[in-house]
Amino acid sequence: MPTTTETIPTRLSAIYEEVNHFQPEKSNLSLLRQAWETHVSRARQQITGLHVEADGEILYLGDLSPGCRACKEGAWDCIFVTMECNLNCPFCYSPHAIPRDYAGSTFGATPAEIAENQARTRITGVSFSGGEPFLNPQRLFDWLAWFKGRYPDKYYWLYTNGLLADQAFLQRLEELGLDELRFNLAATGYDHPPVMENVATAARFIPNITVEIPAIPGHAAKLLSCLVKWSEAGVKFLNLHELMYEPGTNAASMVGERQPV
């Protein structure tokens, strides 16, 4: 990635400057780091085959999805197809202030503008997200086709809650060459029967199926009880990401202990 703000687009430069000048409370970060290092040390002892990377910031078993590799390497761009959603999850960290009809990424609002700015970086992975992308399937298919047709060597994946991922949509994604489909199964209770049917169907058409969900402490037992069911449906990867209490989102009002970082 570029190392100076002069070599990146203006919109990215503004974000870079904002983040660069933000200084979290060192005491909070120090306590958080100590607790995490203790957890990593215990995990190393208890879990055979555990991979620990980035000075303990990333833990995983087996292989990482190519999409996760791109993200970890800072070579990923997320394109939002729409901010509309057919659910209203309490843990959602999508900002309320973003217009529901917004489409685009940090790199621009049209495929051509996005691609032009991506070309100034080393982006290798492109995802499509929302909201729920299947609420605007034509834009999703058109934009995926545009990028895949011009940049076939990049890795492409899609996020969905799975409710609208019917066979016709999945077959179209296969035709367009989608590499990976990620289901947020926490959004529908982890084992919602129609969604699980869509997951199994997706595994017939899309090379890599992933479950990507926030790590919600109160849901741990339910999550663990679903692992075999997910695997039998064709899920290859499970991503647990941070539970973020983002201001200006549904997640801001969730109950739970907070650690500012």
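Details of the structure are given in the entry above.
Remember, predicted model here, so these are calculated numbers, not experimental data. (Residues numbered from 1 in each chain as written. Predicted model: local features only at pLDDT ≥ 70, side-chain atom pairs only at ≥ 80, totals over all residues. Heavy atoms only, no water.)

With that settled, consider the packing of aromatic side chains. Under the definition given, this model contains eight aromatic pairs. Residues Trp76 and Trp157 carry aromatic rings whose centres are separated by 6.0 Å and whose planes lie at 25° to one another, so their mutual orientation is stacked. With Trp76 in strand S3 (residues 76-80) and Trp157 in strand S5 (residues 155-160), the pair connects residues that are 81 residues apart, well separated along the chain. According to the relative accessible area criterion, Trp76 is partly exposed, its value standing at 30%. On the numbers, 5.3 Å between centres and 5° between planes, the contact of Phe134 with Phe169 is stacked. Here Phe134 is found in the loop between strand S4 (125-129) and helix H5 (137-150), whereas its partner Phe169 is found in helix H6 (residues 167-176), with 35 residues between them in sequence. Given the relative accessible area of 21%, Phe169 is considered partly exposed. The structure contains a cluster of three or more aromatic residues connected by ring pairs, namely Phe128, Trp146, Phe147 and Tyr151. (Phe/Tyr/Trp six-rings, centres within 6.5 Å; stacked < 30°, edge-to-face > 60°. Helix = DSSP H or I, 4+ residues; strand = E, 2+ residues; numbered from the N terminus. Buried < 20%, exposed > 50% of the residue type's maximum accessible area, 1.4 Å probe, protein only.)

Let us look at the packing of H6 against helix H7 (residues 193-205). Describing two packed helices takes the angle between their axes plus the distance from one axis to the other. Two elements in contact, H6 and H7, have axes whose closest approach is 9 Å; the angle formed by their N-to-C orientations is 25°. One finds that H6 runs roughly parallel with respect to H7. Our pair here, H6 against H7, has a crossing hand that is right-handed. On H7, the residues that touch Gln167, Leu170, Gln171 and Glu174 of H6 are Asn198, Thr201, Ala202, Arg204 and Phe205. The residue makeup of the contact of H6 with H7, split by class, is three nonpolar, four polar and two charged. (Axes fitted to C-alpha atoms, helices over the stretch in contact; angles between N-to-C directions. Parallel < 35°, antiparallel > 145°, perpendicular 65-115°, else oblique. Left-handed = near helix turned anticlockwise from the far one by under 90°. Contact = heavy atoms within 4.5 Å. Nonpolar A, V, L, I, M, F, W, Y, C, P; charged D, E, K, R; others polar.)

A few words now on helix H8 (residues 220-233). Taking 1.5 Å per residue, 14 residues should reach 20 Å; H8 reaches 20 Å between its end C-alpha atoms and fits that length. Along its length, H8 shows its largest kink, about 40°, at Leu227. Where H8 is concerned, the buried positions are Leu223, Cys226, Trp230 and Ala233. Tucked inside the fold, the buried residues of H8 contact H7, strand S7 (208-214) and strand S8 (237-241). Positive phi shows up at Gly234, right after H8, with a value of about 110°. (Expected span 1.5 Å × (residues − 1). Bend = angle between axes of the 7 residues up to and from the residue.)

The next point concerns the side chain of Asn198. Along the polypeptide, Asn198 turns up in helix H7. Residue contacts for Asn198: discarding those within four places in its chain leaves Gly162, Leu163, Ala165, Asp166, Leu170 and Phe183.

What follows deals with the state of the cysteines. With the rule as written, the count across this model stands at zero disulfides. Among the cysteines around Cys78, which has no disulfide bond, Cys71 carries the closest sulfur, lying 9.5 Å off. Classification of Cys78 by relative accessible area gives buried; the value is 16%. Free cysteine: Cys85, not disulfide-bonded; nearest cysteine sulfur from Cys89 at 6.3 Å. (Disulfide = S-S within 2.5 Å.)

So, on to the sheet that holds S8. Here six strands make up an open sheet; going across it, the order is S3-S4-S5-S6-S7-S8 and the pairing parallel. Two strands in the sheet have a free side with no partner beyond their single neighbour: S3 and S8. With strand direction ignored, the average angle separating the axes of adjacent strands in the sheet is 25°. Here five bridges tie S3 to S4, and the two strands are oriented parallel to one another. Looking at the pairing, Ile79 lines up with Phe128 of S4. Contacts from H7 reach strand S6 (180-183) and S7, with the element oriented near 170° to S6. (Pairing = 2+ DSSP bridges.)

On to a nonpolar patch on the surface. Where nonpolar side chains cluster on the molecular surface, the patch consists of Leu224, Leu227, Leu238 and Leu240 and spans about 360 Å² of accessible area. If you list the elements that add at least two residues to the nonpolar patch, you get H8 and S8. Mapping Leu227 onto the fold places it in helix H8. (Patch = residues over 30% accessible without salt bridge, like charges linked within 9 Å, V, L, I, M, F, W, Y side chains within 5 Å. Areas by Shrake-Rupley, 256 points an atom, 1.4 Å probe, with all protein chains shown as cover. Salt bridge = Lys/Arg side-chain N within 4 Å of Asp/Glu carboxyl O.)

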